[in-house]
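Fold and geometry: a report
Listed below, chain by chain, are the residues.
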Amino acid sequence: MRVTVCLPTYNERDNIEAMVHALRGVLRKGDRVLVIDDSSPDGTGEIADALAAELPFVSVLHRPTKEGLGPAYLAGFRRALDEGAELVLEMDCDFSHNPADVPRLIAAAEDGADVVLGSRYVPGGGVGNWGLVRRTISRGGSIYTELFLRMGVKDPTGGFKCIRRKVLETIDLAAITSKGYAFQIEMTYRAKRAGFSVVEIPIIFDERAHGTSKMSRGIVLEAIWRVPLLRFGRA
Ligand SMILES: Nc1nc2c(ncn2[C@@H]2O[C@H](COP(=O)(O)OP(=O)(O)OP(=O)(O)O)[C@@H](O)[C@H]2O)c(=O)[nH]1
Ligand SMILES: [Mg+2]
């Protein structure tokens, strides 16, 4: 199945080139990488353009302002569908998600799963070098989400995913307004609610080595208020 890896970037100058080359090593003929850059002030967009000029499997979607991960992915999904992708991957560009795991995500989707989640909290998964605070936020987020949404998903805030085209064509992407972790939760929730199968496969998540995290208190708070709204609201 033809794959497009969506790679949102904001100030990933020190990661983008290595990531594109790593993906080149694991993707198959016809697969694509779509960089979605929100006008990074550090020049990531220009580096991505140079990579796209050199490597035909790479394209770049430039967006004028930083709006968060959710809007960036939604724009990327639309482009990937237009380009004919049969499987669409979500992946961070900071090497927290290991490019070597990409073929396993693809294989699980090709085996029949509609949504494949790279999961830190199933047997064999884990986090490499996170401190206690990050571990607690992440674990707490999973428990909180399960309390309200009952998806039976161990790692609902993760952002390493492989999604079948049909899922993106079926769920109402225009209705999704979440920006951060809530976006990851909402995508999976809407897919499940539409009757699609969700499968978790183990991944090891490592803290980024270069650049800075865009995780913020706002992103955590957004997830806290949006999760109950998903369950009880009209979303
Ligand atoms: N296009 C775009 N990309 C973003 C935005 N915010 C974050 N990203 C990218 O999304 C990916 C994940 O962001 P990170 O900063 O690593 O945030 P995180 O993974 O939630 O937080 P950590 O766990 O601390 O790494 C990275 O590739 C970022 O460059 C945004 O507003 N727009
Ligand atoms: Mg990260």
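Notes on the structure follow.

Thoughts on the site of ligand 1
Around ligand 1, the structure places 22 residues, and the nearest of them are Glu12, Asp94, Arg134, Ser213 and Lys214. Within the contact set of ligand 1, a nitrogen atom lies 2.7 Å away from a side-chain nitrogen or oxygen of Asp38. The backbone of Lys214 places a nitrogen or oxygen atom 2.6 Å from an oxygen atom of ligand 1. Look at ligand 1: alone it shows 630 Å² of surface, and the protein chains cover 95% of it. When residues of the shell around ligand 1 are traced back to their parent elements, those giving at least two are strand E1 (3–9) and helix H3 (69–82). Class assignment of the residues belonging to the shell around ligand 1 gives a composition of 9 nonpolar, 4 polar and 9 charged.

As for the nonpolar core
Ranked by size, the top nonpolar core spans 32 residues in total, and within it Cys6, Phe77, Leu168, Leu173 and Met187 carry the most contacts. Broken down by element, this core gets its largest block of residues, 6 residues, from H3. Residues Leu7, Met19, Leu105 and Ala109 belong to the second largest nonpolar core, which totals 31 residues.

The rules behind the values
- Residues numbered from 1 in each chain as written.
- Chains lettered and ligands numbered in written order.
- Predicted model: local features only at pLDDT ≥ 70, side-chain atom pairs only at ≥ 80, totals over all residues.
- Heavy atoms only, no water.
- Near = heavy atom within 4 Å.
- Polar contact = N/O pair within 3.5 Å; in protein donor to acceptor, adjacent residues only side chain to side chain.
- Areas by Shrake-Rupley, 256 points an atom, 1.4 Å probe, with all protein chains shown as cover.
- Helix = DSSP H or I, 4+ residues; strand = E, 2+ residues; numbered from the N terminus.
- Nonpolar A, V, L, I, M, F, W, Y, C, P; charged D, E, K, R; others polar.
- Core = buried A, V, L, I, M, F, W, Y, C linked by side-chain atoms within 4.5 Å.
- Buried < 20%, exposed > 50% of the residue type's maximum accessible area, 1.4 Å probe, protein only.

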